[in-house]
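Architecture at a glance
The residues making up each chain are set out below.
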Amino acid sequence: MSKVLVTGCAGFIGSHLSQTLLIKGYQVVGIDNFDPFYKREVKEANLNEFKNHPSFTFHELDLCDETTVREKLSTKFDCIVHLAAKAGVRPSIDNPQHYIDNNISASRILVDLMRDTGSKKMVYASSSSVYGNMSSTPWNEAKDVSMPISPYAFTKKSCELLNHTYHHLYKLDFINLRLFTVFGPRQRPDLAINKFTRLLYKQKPIPMFGDGSTARDYTFVHDTVSGIIKAIEYLKNNDGVFENINLGNNTPVKLIDLIHAIAEVSGQKLEIEQLPMQPGDVNITCADISKAQRLLGYAPTTPLKEGLRAFVDWYLKK
Ligand SMILES: NC(=O)c1ccc[n+]([C@@H]2O[C@H](COP(=O)([O-])OP(=O)(O)OC[C@H]3O[C@@H](n4cnc5c(N)ncnc54)[C@H](O)[C@@H]3O)[C@@H](O)[C@H]2O)c1
């Protein structure tokens, strides 16, 4: 049975990943510090879905606390999936140091732990934001990603570089998965679909930044999780790996179309309030997913409206 460490296991993607790994028969050790970026109760509810599984162990642990990390996580893992991070582009502009601490410094503590404990493989959650504001799409992994436009993006690119350094120096294997806007049940409350759904059910106007023509390559969380598990399996079967791989959907959706789709799926009356574009936001994201298809056999299958229905069903039940 493979033993996997999932950092950020109480978060949106980490909770889905942990739950799916447990169903598939993996042994999972999960850690999370319940970072106050959003409410602890939300993360505890995520964790409640699987925390009593006999193959799951949880540690409430801050990855920035190196001494405790070394006390609690000294065993060898077959793979580490490193999802814990301060997420969110806009708040990173207000507090870059928090992002440097929780994303870059915490990652350094984790890769040093790998070096010293014999855990050799990591899937790292990077982000489409590393591509900056590139106008020519779709984005493939060969593009120059040295021009981030937010502190969040800068931390994600820095961690990709950190991972390459440890791959070179210590023969550790990494797949940096560049995730493209993930959505679905348990989505973070700061993200657009969650925010817009909340406002629609409160009969409040939806703030639309810009003219609605900006577009995102939305990926349903079950598709993201299947890609992460394929990356774990790829690392299990191959040595000497260092790859950056897009995990998106290759189908950008305009903001205005997204807003109308959520209103349709929720059956709520729509009012839009147009606001200026936000600093740090990019115009479009679109993943070229051919590398993920070729190397991992990744194939996202969930259409936008089906994913939105799953989100709204979860939102109404919680
Ligand atoms: N959701 C997306 O659309 C998206 C897109 C691209 C990349 N990502 C990346 O995927 C990962 C997961 O994103 P998410 O949307 O599930 O976010 P999330 O905020 O729901 O989950 C991250 C979890 O990490 C925990 N955490 C933060 N700092 C920590 C620390 N120092 N020690 C221990 N735990 C800590 C948080 O408490 C949280 O539960 C993040 O690295 C994010 O940057 C997400």
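The structure we're discussing is the one just above.
Residues numbered from 1 in each chain as written. Predicted model: local features only at pLDDT ≥ 70, side-chain atom pairs only at ≥ 80, totals over all residues.

1. Focus: the overall build of the chain
Convention followed: For the purposes of this entry, the term helix denotes a DSSP run of H or I that reaches at least four residues, the term strand denotes a run of E that reaches at least two, and both are numbered from the N terminus. Based on C-alpha atoms, the radius of gyration is set beside the globule rule, defined as 2.2 Å times the residue count to the power 0.38. Around each residue's C-beta, the other C-beta atoms within 10 Å are counted; 20 or more make the residue buried, 12 or fewer make it exposed, and counts in between make it partly exposed. All C-beta atoms are placed from the backbone. Each residue gets a C-beta atom placed from its backbone, and two residues are in contact if those atoms lie within 7 Å.
A count of helical and extended segments in the chain gives 11 helices and 13 strands. Its C-alpha radius of gyration of 19 Å places the chain within 12% of the 20 Å reference for a compact globule of 318 residues. Structurally, the chain occupies a C-alpha span of about 55 × 45 × 35 Å along its principal axes. Within the span of the chain, comprising 318 residues, buried residues form 45% of the whole. Excluding contacts between residues fewer than 6 apart, the proportion of contacts in the chain whose partners are at least 24 apart in sequence is 83%.

2. Observations regarding the sheet that holds strand β11 (residues 242–247)
Where we set the bar: For two strands to count as paired, DSSP must find a minimum of two bridges between them. Every angle, taken between N-to-C directions, lies between 0 and 180 degrees, and every axis is a line fitted to C-alpha atoms, over only the stretch in contact when it is a helix.
Pairing is parallel across the open sheet formed by 7 strands, whose spatial order is β3-β2-β1-β4-β5-β6-β11. Of all the strands in the sheet, just β3 (56–60) and β11 have a single pairing partner and so form its edges. Adjacent strand axes in the sheet meet at a mean angle of 20°, parallel and antiparallel pairs treated alike. Bridging between strand β6 (residues 173–179) and β11 involves 6 bridges; their strand directions are parallel.

3. Description of the nonpolar core
Here is the rule we go by: Think of a nonpolar core as buried Ala, Val, Leu, Ile, Met, Phe, Trp, Tyr and Cys residues, each tied to the set through C-beta atoms within 7 Å.
In this structure, Val 4, Val 81, Val 123, Leu 177, Ile 228, Ala 231 and Ile 232 are the most contacted members of the largest nonpolar core, which totals 85 residues. A total of 8 residues in this core trace back to one element, the largest contributor, which is helix α8 (residues 221–237). Once residues lying within four places of it in the same chain are set aside, the contact partners of Val 123 are Cys 79, Val 81, Ile 175, Leu 177, Ile 228, Ala 231, Ile 232 and Leu 235.

4. Some details on the packing of helix α5 (residues 96–117) against helix α6 (residues 151–170)
To keep things clear, this is the line we draw: By definition in this entry, angles of less than 35 degrees are roughly parallel, angles greater than 145 are roughly antiparallel, angles of 65 to 115 are roughly perpendicular, and the rest are oblique. Definitions for this section: a left-handed crossing has its near helix turned counterclockwise from the far helix by less than a right angle. A right-handed crossing has that turn clockwise.
Two elements in contact, α5 and α6, have axes whose closest approach is 9 Å; the angle formed by their N-to-C orientations is 15°. If you check the angle between α5 and α6, you find them roughly parallel. Here α5 runs over α6; the crossing is right-handed. In contact with Pro 96, Tyr 99, Ile 100, Asn 103, Ile 104, Ser 107, Arg 108, Val 111 and Arg 115 of α5, α6 contributes Pro 151, Tyr 152, Thr 155, Ser 158, Cys 159, Leu 162, Asn 163, Tyr 166 and Tyr 170.

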